[in-house]
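Chain by chain, the residues:
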Amino acid sequence: MSVWSDCNAKQSFGIAKCNFDQDTKPHRLNLDVGDAVIILKATTHWYYGYKQKEKQTRGIFPKSYVHLCEFNIVNGEYCIRRTDIVEEITKVLLEWGGIAKSYFLSTNEKFQVIRPKMNELNNNRAALISGNLPLDEMRKVKLQATAQIDTGNKLLGLDMVVRDESGDILDTNAICTTELYENHVHALERIKKANSLTGDRERTRGFNKYSHNILLHVNAFVCKFQEDSDLLFTLFNGETHKPISENYVVKWSRTGIARDIDQFDNNRVLFTDLSRNDLNISKIYLVCFAIRIGSMEVKDSTDSKRTSMNIANSVLTAASRKHSQLSVNSNGSSGSASEYMMRRPFGVACKDLTSIISKPEDHRNNLDLPFIMCEKDTLDGTLRKLIANKDIGKIESKMAVTFEVLRGDIKQIKEDFPRLVHTNVPVARKMGFPEVILPGDVRNDLYLTICSGEFARIAKTSEKNVEVTVCVVNEYGVQMSGVMSIGAGHPPIDDYKSVVYYHDDKPKWQETFKIHLPIEEFKVCHLRFTLKHRSSNEQKDRSEKPFGLSYVRLMQANGTTITQGQHILAVYKIDPKKYDKLVAKSYLELPATKAELLGTKPPTGGLSLLPKDQLCIDVNLCSTKLTQSVSLLGLLHWSAHKETLEQSLNALANVPGEEVVKFLQDILDALFNILVENDHHEKYDQLVFMSIIHLIETVSDLKYQHFLTVLDVYINESFSATLAYTKLMDVLQRNISDAITPSEKSADGIEHEESTAVRRLYKTTRYLHYVMKFVIRSRVLYAAMNCNNDYVDFATRLQELLKMFINMIGCPSNQLKSEGALLKNLHIIATDLMEVFDPVDLSTLIVEILEKFPPRRLTQSKMGCIKDFVETKLFALPNCRAILLPVFCKHIKDHLESKEEGDSKTDIWQQEKNLSKAAKVLGQKKSQLHTRETTANKKIAECINIMNNILKLLYRSDVGPTHNDVRDIMIKLLRSVMKAAHSLDRDVDVVGQFFAIMLGILQRMDAQHYKYFVNDLHQQGELKDFVIEILLVFEELVSPHQKAVFPRDWMDMIMHQNTVILGALQQLSMVVTDYFLCPVFDKQIWSNFFQCSIAFLVQSPLQLNDFNDNKRQIVFARYRDIRKDTAKEIRKMWFQLGKHKPKFVPQLVEPILEMSMIPETELRRETIPIFFDMMQCEYYSSRLEQESYGDTKHNNAHHKGNFSEFKTAMIEKLDILIGAGKGDTEYKELFKKIMLEHCAAHCTLNVDGSSFVSMVTKLMDKLLEYRCIIQDESKENRMACTFSLLQFYSEVDLKEMYIRYVYKLRDLHMEFDNYTEAAFTLKLHTELLQWNDTELSPQLRSHLFGSCRTHRELKEALYYEIMDYFDKGKQWECAIDMCKVLAQQYEEEIFDYIKLSELLKRMAQFFEKILKELRHTSEYFRVCFYGLGFPRLLQNKVYIFRGKEYERHSDFCSRMLVQHPQAELMQTLEAPGEDITNSDGQYIQVNKVEPIMDAAFAKFNEKIISNEIVKYFTSNNVEKFRFSRPFRDSTGGGGMDDVLNLWLERTELFTQFRLPGILRWFPVVDTHTFKISPLERAVEIMKDTNRDIRQLVILYQSDESLHINQLSMKLNGIVDPAVMGGFAKYEEAFLTDEYLEQHPDDKELVEELKELIALQIPLLNIAIRLHRQKAPDSLKALQDHLEGCFADMKHHVETCYGRKSCDLKIDRDSVVMRRTNSYLPTLFDNGNNRLSETSMGSSDSGLSKSTFLPRPPTNSIKSTLASLSFNTRPSLGNTPSTKGSKYKDKTPSKRRSMKKDRDTLSLPVANCQWYTPPLSTINSTPEKEINTSVNSLASASNSSFGGQKTPDPRVLTEELTPKRPLRSEKEKERRLSRPASIATPTASIKNFADTRSLSEGSNRNSVETTDSTSEEDLRPPPLPAKTRDSTDFSSLTHSLDWNPNGYSMLSNVSINTSNIISSMTTTMTKTSITNTSYEYVEATNFSIDPSKPRPPTPPPKPSRHSKHIP
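What you are looking at is a predicted structure, and each value in this text was computed from that prediction instead of being measured.

Parameters and conventions
- Residue positions are given per chain, counting from 1 as you read along its sequence in written order.
- pLDDT decides what is reported in this predicted model: residues at 70 or higher carry local features, side-chain atom pairs at 80 or more are listed and counted, and totals for whole chains, interfaces and linings draw on all residues regardless.
- Side-chain metrics in this entry use all non-hydrogen atoms of the structure; hydrogen atoms and water are not considered.
- Strands are runs of DSSP state E lasting at least two residues, helices are runs of H or I lasting at least four, and both sets are numbered from the N terminus onward.
- Summary of the burial criterion: residues with accessible area below 20% of their type's maximum are buried, those above 50% are exposed, and those between are partly exposed, where the area comes from a 1.4 Å probe applied to protein chains only.
- We call two residues in contact when some of their heavy atoms are within 4.5 Å.
- Accessible surface area values rest on a Shrake-Rupley calculation with a 1.4 Å probe, where residue burial reflects the displayed protein chains alone.
- A pair of strands is considered paired only if DSSP assigns at least 2 bridges between the two.
- Any carboxyl oxygen of Asp or Glu that lies within 4 Å of a side-chain nitrogen of Lys or Arg is treated as forming a salt bridge with it.
- Across the chain, each position has a pLDDT score giving the predictor's confidence in that residue, from 0 to 100.
- Axis definition: a line fit to C-alpha positions, over the contact stretch in the case of helices; interaxial angles, taken between N-to-C directions, run 0 to 180 degrees.
- Here roughly perpendicular refers to angles of 65 to 115 degrees, roughly parallel to angles under 35, roughly antiparallel to angles over 145, and oblique to all remaining angles.
- The sense of a crossing depends on the near helix, which, turned anticlockwise from the far helix by less than a right angle, makes the crossing left-handed and, turned clockwise, makes it right-handed.
- Residues are grouped as follows: nonpolar covers Ala, Val, Leu, Ile, Met, Phe, Trp, Tyr, Cys and Pro; charged covers Asp, Glu, Lys and Arg; every other residue, Gly included, is treated as polar.
- Whenever a nitrogen or oxygen atom comes within 3.5 Å of another N or O atom, the pair is scored as a polar contact, on the condition that within protein one atom can donate a hydrogen and the other can accept it, and that pairs from neighbouring residues in sequence are kept only if both atoms are in side chains.
- Stacked, edge-to-face and tilted labels apply to pairs of Phe, Tyr and Trp rings (six-membered ring for Trp) whose centres lie within 6.5 Å, assigned for plane angles under 30 degrees, over 60, and everything in between, in that order.

Caption draft 1: Geometry of the overall build of the protein chain. Broken down by element type, the protein chain carries 65 helices and 36 strands. Of all 2006 residues assigned to the protein chain, the portion counted as buried reaches 56%. Excluding contacts between residues fewer than 6 apart, the proportion of contacts in the protein chain whose partners are at least 24 apart in sequence is 78%. Carbon and sulfur atoms make up 50% of the accessible area of the protein chain, which amounts to about 86,500 Å² in all.

Structure representation (structure tokens):
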């Protein structure tokens, strides 16, 4: 049995490394790879625990499946313990991942940049986790990762991370503000560098600018090799024709590879110590001298050309290996005596490096060095030829090398480029000193050049083959071994053998080699030159002996080394028999050079002078130990030559610097010995002192600056002159005294002595700090020896010396240079003096020195001195700092506020502002503009630098107490820094540093500091100014309206700033309470405090809820949520106001409201109660201005009793803040809860307060809804929300907010071109204005007319704007009303007749537009929004919408569905159940409604006026609408299709406001539904018919130009009703005794119906008589037929119902009147005129909408006329642009829209009954009531009178078919099942009595169903202007059944085409339309030829947009 045990801490966390899935077994915990598991218990092979993501599920899992990890617990979660950088990379990748995903989805170009960074970061993380990296590599990877993180954060706009140099994140709480700012600046620079890094990261390091190096790699040498060679590479100066560097030797074998195994594939060298001057030589070359090692003559070889390419492919054979290891030296010597070797010239290669060095990055590949053979020339001559590029011929050989320039010293290069420069790379040094000589660089190199020789022939007949052998021999004649070097890469040699030139008595070698000897050997050694002839015969050569000898000593007799330059040596002939080479003295006694011979020929044993022979050499000594200066040696050995001491001291100034630094310590020892030991003080002390100054000056030179450390080491360790300090101090005092004491002038007035003393003093003060180091060190040594017994004397003398400096500053003579030098070195002197002088006394003396300077003298030097002092040890001592800091602060303050040294008025902030403006004008960055470095710039930089250093110092923990120091800085500098920071433009670079300093000072201030500071300011009377200043600075620092001081991504800096500001505000709150509350209350201070505090609280960097999780955790961990503390402070301050609270009630509402909306629950709970307190304060405040809040406690009668100001402010500010995105539903609920609790607990404010809270809650609800919907795509929702708020502000009577939303609504309307609604909206503003000259209050102003100042001006401007909108919206009637109001003002009030005349002209234009311009009447739709898925303002509500122009029902439905894409369109008009209304879905129900004209416009009835005038009022200014649904009721008797059973369900709706109005829709507020009986419907239809006849008569009497066609058809349809039966149907149904018996209550209606039938007869009589007058002869047959039928009808009616009369009369002398731009209303269908006009049909126009498919809205006029066989002929000037075509298909032909047709034709939309059954559109209009005659007229005129131009007349060209095929029974049943209509009667019996058939009510619930049976049901709305060139005949009043009898009567009828196509769609009222047109219409007749075959009548077409609805 397994035993489970608890796990130890190290085993309690792990990561699953494999999937584990065993669901089938119990107690198993399934694991996926990567799951983090917490282990609770363990057994042998199993763990028990749970997954971190699923803590509730626990189980067991195998141990082998889990990898245990070390962990940390963070916020209760287990996290793998990793290094900080790994954790940072992990968090960064998670954060970047989400952003990268969003970039990818939005195709942001930054995705391609951030993706590789993420991949690289992931790779770095893997490398760091692996643990396989060494420390240096890990450090490198870490820096690479941090660079990627920083650049990526910058790219993504994330916060910048502040790091140290190693890449670790800084602890921002452990450093001061100024240091934090500097770290941010450095981080920014680091990111810029990382972004600009191109690949070589190491190039960004700071290299030593004085050291340059060239790395050379020899890759290949392409040439024919017969023998081994030495390749000597060197850098060569083309100007002087001398080498620059040592040689680099490559031993090249005859096989084409390196002879030395160490150089095998490693032929590289580093040329070092090159200076800038070396690299800037005009011509610098890389030269290679190739020297053959072998015999005199080249041996023939069968080897072909060899190259170094063999290196990679060849393998050294055993023989070659043996040969490569032979001791074959470059000097020709061999390890075997039998070998015959010599050095012979081979060739030279050369390459110009000048351009390559300037741009080394362009030459990283191989460089080819052309190589030429020497042939018979010397190496030097060949080089000259190659450089000159003359006579070199074709170059076939070359060398390939790689070349790279490296900058830095050797140590740095080896660290940075270990791959290139490893340990065994040879170094070739420059043959001279580098630009900077390092103290540890010990050299003793002698570079010897064998230049040339001249050798006379003695016994030989030919020239010699001279070989020079050089060796170093000591005084005993012993040769020194291993002291020579041919070059780098070659081991040391014992002797050097020159190149042998064949048969040359005057060889020019120019060979250089190095001699390196120890110092002690150098003095006793000499060089021996042995001359030998080398024979070309090997046997002879072996027997050859040296023929000559020369020598030269390395050290001269005076102790100096051999001099630089050339030396011509004498050559002595060697007698082999007498010469003993081991005895050196034998020739050392001889003259060495030609110059020493002086014409003599001294003999010696075995040596004799060769007078004609000579050897020329050149010496170049590079030694830091040996000198060639005689003066220097004289000084060093002064004790032996005291007589020349003065001369030696004076000569020291002429010794080269190289010699001085080499012997620096020895010279100093000698000088101080002279100073102490000499007996002539007056003579030598000054000389020695100035010599010491000269030494210091030399060492301080840039070239030798590294020797300053040697000087320091000497002073601290080697210096031992204990008595020197007294001498030095005496000389110092004497120099100062001589300089400041005036001397007598010479005769010419020149002060010679004074100028010398002044110069000497300047030199002394310039290097005074080193002089004082000697003084102090000497005193320390002396005090150590004498126990510091005479300290008092020394201190006194030192004080006297310092007093002398003070006297120097106060001297009236010009000592500016000396004073400046003193200030520059004073801090160093003071630091050193601390060792021997009391620091406090020293500080006092320093202060005296600084204070001694006049105010405007050496200001910058003083500031530099102060800056340096801040960094000294002296300033770090608290006691000294107490003396120094106040003075420093005083100088800083004076410097900041000064106007000196050319600063004048152009200080830095003014200059920077001007520069910023110039940059904006020029469109450039400010940094691109060239600016002069002004004094002000330097001044600000100096002050900032000093203050930064002071604050850094005070933040350290090792400087003692700093409380008083902070106090001094606060008193002296805080206000100056604040003013400077506040004054600077935010674009100035230093503004951030100023604010950082200010924050740094505040950071160090505690409560005691504030108390002391406030007391100080209060005593000076400046406390108020300070508080205002600092609050203003804080407010601007956090204000989003100001440019940020610190960039937004400096999160640490900004949060640190906020922490400091919070601490300051907490201290300031106590100051404000203590000093500005009582006894004198200062409102400004308190107001500023509240504004600043709240602005600080609501700033975006503090809103943690807006941050991502990672940033929120970081901010909360480092800085916590400081908003709560701020809110508590504000709340505390508010309640401390006491009686002064009412003074802030309206003012502080907005800021506190904004504060309370911060989404932090605890903060909200703290701040919301302030609102109740504000409400209470205003309520109890006094109504009398002279009384205060406290007085009301004694006089309750003076209570204000309301809180209107608070209420108004609250409402206004809520609107602003919620609109800006603040606040949420949670805030609304919390506000309501807290406020209601307070109100309920208050007895007085219980009612009013609760009401106010409810009102505000309602407002917040609306504003939140508005904010949510205002961005919605649905314009209706946006407008509805705006309207809702508009209503709210109207209710609460807030004019300013009301007007604001008026203009918001107006802007929305203008966005969608709703000009009419925009006008009505803008009109709301005018209602708030008066017609007087009262000054406008701010609440009533309009941003559209900002210049208007009075009510009248603004109202007049708004009226004109509204008129423009009405004009664009074609609401000219409304515009005229506005004109009338304005006209009254112009005429009766202000008497401005000029404006009146212009207004009346415009008014006339409006009247004219009413009659002449086309204007469409918008349709209205009822829209029901069911379901809770809609916005709250729409849920389960009904609206009436005003459609767009030419918008039909289907188009409107589509638009609704587009605006609500989730909604479903309901297909019936049935009211939905709760399953729909309470569902989460969206359901829309839409149907067309008919507007009911207001009863106020009944004045138009019975008047003869234009229909264009009337129709406006039928659909405008309406608030009542109706729609009807037909249904069948069989209880009336008869069949279901009988007219007795046709009922209507009519619904009337009342909107909240009239339409059109400020919206295109309004909610329905009341609905009334009732039924219309069949008899009532019959009465309505008869009234409409009589009204139409009457209107036709009036119309034809008014306009003689109208064609008779429409009148003919109308009369024919009534008197000969054919199928429909006319009113006979009504007689049969209602005018019977049985009906009255069954319906006795309908007696009045029956009588009214009889009356209407009887009244029709006189109307018909007049109409037929009128027809007779107007009918042409061709219609005589028709006229006879009409009169016959009418006679029968008249007889019947008069018999049954009596005779009636009519008020209409026929004017036989009718006048032809001009016709308006409208046409005769279409009263007839162009069909069978025998159809009954009065037959009754159903409201759906006789078509079952469930039966037929939709049809196009209109038929093409061209196709229709073509089907009628019309002949077209142009009318007055109008030519038709289309051709007729036969209509043989049911599908209408395609419409064409042309501007010309649109301009010439204005045709109504009509339905042709012959080919098109009447239509019932989906948006059919309801039936008109009996009393709405004008409405019918307007509806008809909408399509009939729409045009302005006369249409093209067309003539029938084809005879119409008089017959149609008989219908099948099935078709008859279908027709009978359709609802009856006027257009399509169901009765098929010709000439039947005037009755109407009824259809079944199966369509009752159809959305398209209405109650209208008028022709308006059948016609679609007019087409837009673009398609007015064609029309159809779908809106004709009747469907005419053509039959042979009826048609034969029309055989000779001529019909005017224009009247056919302009038929009216509705019946007419009694209103007559006056013809006022200025155009005459030419009547064009057409004939119908009955002989032609007639086309069959097609079956009826379905209604447009009809749908099958189950």
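From this point, the discussion proceeds with the structure in view.
Caption draft 2: Spatial organisation of the pairing of strand S12 (residues 248–252). Across the five residues that make up S12, a large majority, five, are buried. Where burial is concerned, the two faces of S12 agree: the one with Tyr248, Val250 and Trp252 and the one with Val249 and Lys251 are both buried. Of the pairings in the sheet, the one linking strand S10 (residues 228–237) to S12 comprises five bridges and is antiparallel in character. Of the residues in S12, the one forming a bridge with phenylalanine 233 is tyrosine 248.

Caption draft 3: Local environment of the pattern of salt bridges. Counted under the stated rule, the structure contains 78 salt bridges. Here arginine 534 makes a salt bridge to aspartate 541, at a shortest N to O gap of 2.8 Å. For the pair formed by arginine 534 and aspartate 541, the shared burial category is buried. When the shortest N-O distance is used, the salt bridge between glutamate 1160 and arginine 1123 registers 3.9 Å. On the criterion of sequence distance, the pair formed by glutamate 1160 in the loop between helix H40 (1145–1156) and helix H41 (1161–1180) and arginine 1123 in helix H39 (residues 1123–1135) is long-range, its members being 37 residues apart. Owing to a relative accessible area of 18%, glutamate 1160 belongs among the buried residues under this scheme. Several salt bridges converge on common partners, so that one network encompasses Asp1121, Arg1123, Lys1124, Glu1160 and Glu1162.

Caption draft 4: A look at the confidence of the model for the protein chain. In the predicted model, the protein chain carries a mean pLDDT of 76, and 74% of its residues have values of at least 70. Every residue in residues 302–338 scores below 50 in pLDDT, and together they form 55 contacts with partners more than four places removed in sequence or on other chains. Across residues 1709–1902 the pLDDT falls below 50, and counting only partners more than four positions away or on other chains, this stretch makes 827 contacts in the model.

Caption draft 5: Quick peek at the environment of valine 661. Mapped onto the fold, valine 661 is located in helix H17 (residues 657–662). For valine 661 and tyrosine 704, which are 43 residues apart along the polypeptide, the C-alpha to C-alpha distance reads 7.5 Å.

Caption draft 6: Seen up close, the side chain of threonine 177. Counting through the fold element by element, threonine 177 comes out in helix H4 (residues 177–196). Leaving out residues up to four positions away in the same chain, threonine 177 has contacts with Ala996, Leu999, Gly1000, Gln1003, Met1053 and His1056.

Caption draft 7: Seen up close, the sheet that holds strand S26 (residues 565–574). On the basis of which strands lie adjacent, the open sheet formed by nine strands has the order S21-S23-S19-S27-S26-S25-S24-S20-S22 and antiparallel pairing. At either end of the open sheet lies a strand with only one pairing partner, and these are strand S21 (484–485) and strand S22 (495–497). Across ten bridges, the pairing between strand S19 (residues 444–454) and strand S27 (residues 607–623) is antiparallel. Residue pairing across strands places tyrosine 447 opposite asparagine 620, the latter belonging to S27.

Caption draft 8: View of the packing of helix H45 (residues 1275–1291) against helix H46 (residues 1295–1311). Contact geometry of H45 with H46 gives a least axis separation of 9 Å together with a crossing angle of 160 degrees. Comparing their axes, H46 and H45 come out roughly antiparallel. In this structure, H45 meets H46 at a crossing whose hand is left-handed. Residues Arg1278, Met1279, Thr1282, Leu1285, Leu1286, Tyr1289 and Ser1290 of H45 form the contact with H46, whose participating residues are Met1297, Tyr1298, Tyr1301, Val1302, Lys1304, Leu1305, Leu1308, His1309 and Glu1311.

Caption draft 9: Inspection of the environment of tryptophan 1543 at higher detail. By secondary structure assignment, the location of tryptophan 1543 is in strand S33 (residues 1542–1555). In this structure tryptophan 1543 comes out as partly exposed when scored by relative accessible area, which is 23%. Apart from residues no more than four positions distant in its own chain, tryptophan 1543 is found in contact with Arg1525, Pro1526, Phe1527, Asp1529, Lys1571, Ile1572, Ser1573 and Pro1574.

Caption draft 10: Main features of the packing of H4 against helix H33 (residues 991–1004). Relative to each other, H4 and H33 sit at 150 degrees, their axes nearing to 7 Å. Relative to H33, the element H4 lies roughly antiparallel. Listed contacts from H33 to Thr177, Thr178 and Tyr181 of H4 are Gly992, Gln993, Ala996, Ile997, Leu999, Gly1000 and Gln1003. Its residues assigned to classes, the contact of H4 with H33 comprises four nonpolar, six polar and no charged.

Caption draft 11: Spotlight on the environment of asparagine 108. With respect to the element layout, asparagine 108 can be found in the loop between helix H1 (84–105) and helix H2 (111–130). Given the relative accessible area of 28%, asparagine 108 is considered partly exposed. A polar contact is formed between the side chain of asparagine 108 and the backbone nitrogen of lysine 110, at a distance of 2.9 Å.

Caption draft 12: Looking closely at the packing of aromatic side chains. Taken as a whole and judged by the stated rule, the model has 59 aromatic pairs. On the numbers, 6.4 Å between centres and 35 degrees between planes, the contact of phenylalanine 233 with tyrosine 248 is tilted. Of the two residues, phenylalanine 233 is situated in strand S10 and tyrosine 248 in strand S12; the sequence distance between them amounts to 15 residues. Measuring from ring centre to ring centre gives 5.6 Å for phenylalanine 346 and phenylalanine 371, while their planes differ by 55 degrees; the resulting arrangement is tilted.

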